[in-house]
Amino acid sequence: MTLKSAMLRRWAIRRVGAAHQYNACSWWAVPTLLVFAVVSGCSRHDSRTVITIWHQSRPTEKEFLQREIVEFEKTHPQVHVRALYKETEELRAGFQAAALAGGGPELIYGPSDVLGAFQTMGVVQDMTPWLPVESRDDFVPGALTYLPIRDDLAKKSLVQIGDRFGNHLALVYNRKFVPVPPKTTDELVALAVKNTLDEDGDGRKDRYGLVWNFTEPFFGIPFLTGFGGWVFAEPSSNARNAETATTAGGKIVPALDTPQAVAAWQFMQSLQEQGVAPRNCDYEAADSLFKSGKAAMIINGDWSWADYLKESSIDAAVAVLPTVNATGQPMRTMFAPKGYSLNVNTKQPVADLAMAFVQHMTSDVVQRRLVHELRMLPVRKIIQKDPLFETDSTLQASLAQLKNGRLMPTETELRAVWDAMRPPYQAVLGGGMTPAEAAKTMQREAISKIEQIHADAVPDNSVVALNIAGLVVVGALVVWQRHSFARFVSDWRRNRLAYLFVMPSVVCIFAVIVFPFFYNIVLSLSNMSLANFRDWRVVGLQNYIEVFGDAKIWAVFLKTIVWTAVNVAFHVGLGVLLAVALHGPVRGKSLYRILLIIPWAVPAYITALSWRGMFDYEYGAVNLILTQMAQFAPLRWLLSLANLSPPVNWLGDVGHAFQACIVANVWLGFPFMMVIALGGMQGIPHELYEAARIDRASRWQQFWHITLPLLKPVLLPAVTLGTIWTFNNLNVIWLVSNGGEPQDATHILVSYVYKAVFNLYRYGYGAALSMLIFFVLLAFSLVFLRRTRATESVYG
């Protein structure tokens, strides 16, 4: 050994020893430093008690809330109130999950229609101790929501204290076209016919007499009540049979298949047949038509009136809905209080401070400010006598409509009723179902969905087998990986610092991937639902049996396969075609690449909503283009052959709505495949093409024998990813078709799961269905990659 090599060896030994000493001494330093950082970062902690409120207030209401928070904090300096805005479904689902985990906001604010579910789940607590008996008479009837206690139905608890009334519909009219509002439905129809005009004679309506939301049955309730109907059976109900008129065993029964309901849907359908209402009209379309002066009257809620009254291009006013001539009864809308509920996890003394804020918001002073600043209806009796009600016509109409309305039920069955009414309601207004058929379908589906909400399962014999199977799998995994565990323990002693640095990533992966996956498996074997939200248990394979026995699932599954196959075929076809074109000698290649990547770069929800607007029946760009094309005889023949004779009811017809979703998703997906193919083509040697040209191979032969085989390593994994993404693409279906419309006929599996879980609270069933989706995609990926040999080298 030379002197130089000996010195190098001695130096290396010293370095290794120092490294081991560093690892031994510093492995504990990292946690110490982290704790020190956390402690030092928290040293300037705000000592005030934080009260968090989740709300769904509109911008003007949110500003009012923030001002009142400031006023409250002046008198309660020890409290900081934090208001967080949540969308309706986000608030409902997020609060349920947070409360189940023992957290969530101290207060939630919103309408009363979700309180039945919250009370059944046990996520809100009784607010009675904070409301003195003598002050309860100061509230307008309906402002305080009492619901039976789950464990003792004879007793009721106060689950919400309202601070305003709202969510009720009324007739808004443009005084430029309708100087005096109608008092009866005959006057309503006459005014609507008079104001439905084709001013330029092009065959398209330039103004409609009456518009409303055709997609949500909530907007059909005034018609139903006007003809004497209601969503639930009542003792005085005159129904066709005992099943729809009475309650069985104390259970709430829907009353949707009645002569009154059929008459209401017939009246609504007649408005469309007379041409006074558009053929396809969702909320956005109706709102836009009225704001732009293309509709003389609209039925809409109190949340929209301020915008109409401020619109300078129209002269809007609010009126009470008219009386139905056939029955002499007024069109009574549903109304609901909006107020505060106390989280069951809010304990003393924080609960006292939270309720102090609720008392502030329902005080006479704040209620009066609510009326004067927001023109909202107060919950205090004395404030409804404010002089402003004598001078403000909008407040007068709103209060009159409120007194003429019916309190929205808080029972959980109402959600099942809405879900059952929606498809037939859309079918009636879309011309796909008669009113009588719609009434029967609504009743049948409502009863079925109510049974699903309240369905409960008990453990069966498969639970023991599943427990044994689980233990066997865990044991087999431990035995299989025993050498890996031994190596890990040994390596931990030598490289603790490295593992500490990696640990945050491992924890994150476990928290967001591993744990949710196995938790979902457990849920799929449980009876977790509305009735067992906090005390669910494993019951076996019953959810899987129900999934495989549901005929609707298989119809949706086949539609999902068609959706995926068509989309991926167009994604790959267009992507490769454009990549080949851009790979050649094209002038302005960089500009074309930028333009073609835009559909992928723009957020998907913006693109989906844009396509929904372009598919509008009356004013969408797609129908306008098709109309221009139809002026030429050859193109008109081709459009007729493809069943696309304009105007096409893209969003109101079942088949065309699904096609519209596919078009929107193809637009979103082809740039990804184009980029992948273009990147793969950059790596193909040019010598191969030169040799092919020498052999006089055509362009097609070059593509088929050189380009396509050499794109295989990059294209096939991209196709696999594209298939998985498309199979699970909820955004496009949900946004373009507005949640599976029309008639719930555009659902794919992932959107069907979403509705099953969040509309009917069937968490165990939804988890089983999601596992089915997982195994389908896993099987496809494994088979597809193996059959296509996507991981093998093309040169091998």
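Above this text sits the structure in question.
This one's a predicted model, so the numbers in the text were calculated from it and none came from an experiment. (Residues numbered from 1 in each chain as written. Predicted model: local features only at pLDDT ≥ 70, side-chain atom pairs only at ≥ 80, totals over all residues. Heavy atoms only, no water.)

### Regarding the overall build of the protein
Within the protein, the regular secondary structure consists of 33 helices and 11 strands. For the protein, the C-alpha atoms occupy an extent of roughly 110 × 80 × 55 Å along the three principal directions. Long-range pairs, those at least 24 residues apart, make up 73% of the contacts in the protein between residues at least 6 apart in sequence. (Helix = DSSP H or I, 4+ residues; strand = E, 2+ residues; numbered from the N terminus. Contact = heavy atoms within 4.5 Å.)

### Notes on empty space enclosed by the protein
Applying the stated rule across the entire model yields two cavities of 30 Å³ or more. Of the voids in this model, the largest cavity is the one considered here, and its volume is about 150 Å³. Considering the residues around the largest cavity, the lining is formed by 16 residues, among which Thr215, Asn280, Leu651, Gly652 and Pro742 are closest to the centre. When residues in the lining of the largest cavity are grouped by element, the largest group, three residues, is from helix H17 (residues 413-430). Residue composition of the lining of the largest cavity, by class: six nonpolar, six polar and four charged. No fewer than three residues from each of domain 2 (169-235 + 254-332 + 412-454) and domain 4 (544-615 + 650-788) sit in the lining of the largest cavity. When its volume is computed, the second largest cavity comes out at roughly 50 Å³. Lining the second largest cavity are Ile53, Ser57, Glu61, Phe64, Leu65, Tyr109, Arg164, Tyr340 and Met361. At three residues, the largest contribution of residues to the lining of the second largest cavity is made by helix H3 (residues 59-75). Here the residues of the lining of the second largest cavity are counted per class, giving six nonpolar, one polar and two charged. (1 Å grid on protein atoms, 1.4 Å probe; cavity = no way out; pocket = protein on both sides within 12 Å on 5 of 7 lines; lining within 4 Å. Points joined across faces, edges and corners; volume = space filled by probe spheres on them. Nonpolar A, V, L, I, M, F, W, Y, C, P; charged D, E, K, R; others polar. Domains from an automatic or database assignment.)

### Notes on the nonpolar core
Generally speaking, nonpolar side chains in soluble globular proteins are found buried as a group. Core analysis: the largest hydrophobic core is formed by 70 residues, its most contacted members being Leu210, Trp212, Phe223, Val231, Trp265, Met297 and Met334. In terms of residues, this core owes the most to one element, H17, which gives nine residues. Ignoring sequence-local partners within four residues, the contact set of Trp212 consists of Phe219, Phe223, Met268, Leu271, Ala277, Cys281, Ala286, Ile299, Tyr425 and Leu429. (Core = buried A, V, L, I, M, F, W, Y, C linked by side-chain atoms within 4.5 Å. Buried < 20%, exposed > 50% of the residue type's maximum accessible area, 1.4 Å probe, protein only.)

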